[in-house]
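# Tertiary structure, described
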Amino acid sequence: MHGDLGQVRLVAGELRQVVRPIAGDDEVDLLAEMLWSGLRGIMTLTRGGRLPRERHERRLALLLRRFAGRKRP
């Protein structure tokens, strides 16, 4: 259990570092939680068959582009 918690903290710290440059006036922790939630939601819903697998790459790219502040490549 403690190993899992350590991994979660490590991932959370990495996500904070990823979003920090784009956070602007937003809370870094909140933005990192939103990114994690989006990634986790995509994974969970795709694994459960509620999101079509054939659109996975496009869905993931869209989420990450928005967090990077870009509309289209």
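This text gives an overview of the structure that appears in the document.

Conventions used here
- Residues numbered from 1 in each chain as written.
- Predicted model: local features only at pLDDT ≥ 70, side-chain atom pairs only at ≥ 80, totals over all residues.
- Heavy atoms only, no water.
- Helix = DSSP H or I, 4+ residues; strand = E, 2+ residues; numbered from the N terminus.
- Expected span 1.5 Å × (residues − 1).
- Buried < 20%, exposed > 50% of the residue type's maximum accessible area, 1.4 Å probe, protein only.
- Arc of directions from axis to C-beta.
- Salt bridge = Lys/Arg side-chain N within 4 Å of Asp/Glu carboxyl O.

## Some words on helix α2 (residues 28-47)
Between its first and last C-alpha atoms α2 spans 29 Å; for 20 residues at 1.5 Å apiece the expected length is 28 Å, and the two agree. Along α2, the residues classified as buried are Val 28, Leu 31, Ala 32, Leu 35, Ile 42 and Thr 46. Seen from one end, α2 has its buried residues packed into an arc of 110 degrees, which puts them on one side. More than 90 degrees from the buried face of α2, the exposed residues found are Met 34 and Arg 47.

## Re the pattern of salt bridges
Counting across every chain of the model gives one salt bridge. Here Asp 29 ties to Arg 16 by a salt bridge, and the two come within 3.6 Å at their closest N and O atoms. Residue Asp 29 is found in helix α2, and its partner Arg 16 is found in helix α1 (residues 2-19); the two are separated by 13 residues along the sequence.

The values are spatial; any link to function lies outside them.
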